[in-house]
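A closer look at the structure
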Amino acid sequence: MGAFDVTDIITNTLGGIFGWIIFKGLDKAFNNSIKAQKFINIIAATGTILMILLLVLLKMNMLPVKYQ
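Here's what I pulled together on the structure shown here.

Reading the values: the criteria
Residues numbered from 1 in each chain as written. Predicted model: local features only at pLDDT ≥ 70, side-chain atom pairs only at ≥ 80, totals over all residues. Heavy atoms only, no water. Patch = residues over 30% accessible without salt bridge, like charges linked within 9 Å, V, L, I, M, F, W, Y side chains within 5 Å. Areas by Shrake-Rupley, 256 points an atom, 1.4 Å probe, with all protein chains shown as cover. Salt bridge = Lys/Arg side-chain N within 4 Å of Asp/Glu carboxyl O. Helix = DSSP H or I, 4+ residues; strand = E, 2+ residues; numbered from the N terminus. Axes fitted to C-alpha atoms, helices over the stretch in contact; angles between N-to-C directions. Parallel < 35°, antiparallel > 145°, perpendicular 65-115°, else oblique. Left-handed = near helix turned anticlockwise from the far one by under 90°. Contact = heavy atoms within 4.5 Å. Nonpolar A, V, L, I, M, F, W, Y, C, P; charged D, E, K, R; others polar.

**Some thoughts on a nonpolar patch on the surface**
A cluster of nonpolar side chains, namely Phe4, Val6, Ile9, Ile10, Leu14, Ile17, Phe18, Trp20 and Ile21, defines an oily patch on the protein surface of about 950 Å² accessible area. Position of Ile10 among the secondary structure elements: in helix α1 (residues 6–30).

Below is the structure:
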């Protein structure tokens, strides 16, 4: 806990750059930054709900995949 590595800087920087590129692409596609932000928020909320559902199903052993 609390470890820090140069790969953290690299991956966080690349993630930020990719996110910015995706946002700019959506901004041009929608011709409106507000619509692009709303689209990204909907995608992020959907992904969060699906991830929570996956974790709940794993915890309840309702999936054929087991974790231990």
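Still to come is the rest of the account.
**Overview of the packing of α1 against helix α2 (residues 33–59)**
Interaxial distance between α1 and α2 falls to 8 Å at its minimum, and their mutual angle equals 120°. When the axis of α1 is compared with that of α2, the two are oblique. Between α1 and α2 the crossing geometry is right-handed. Side by side, α1 and α2 meet where Phe23, Leu26, Asp27 and Phe30 of the first sit next to Ser33, Lys35, Ala36, Gln37, Phe39 and Ile40 of the second. Residues of the contact of α1 with α2, tallied by class, amount to six nonpolar, two polar and two charged.

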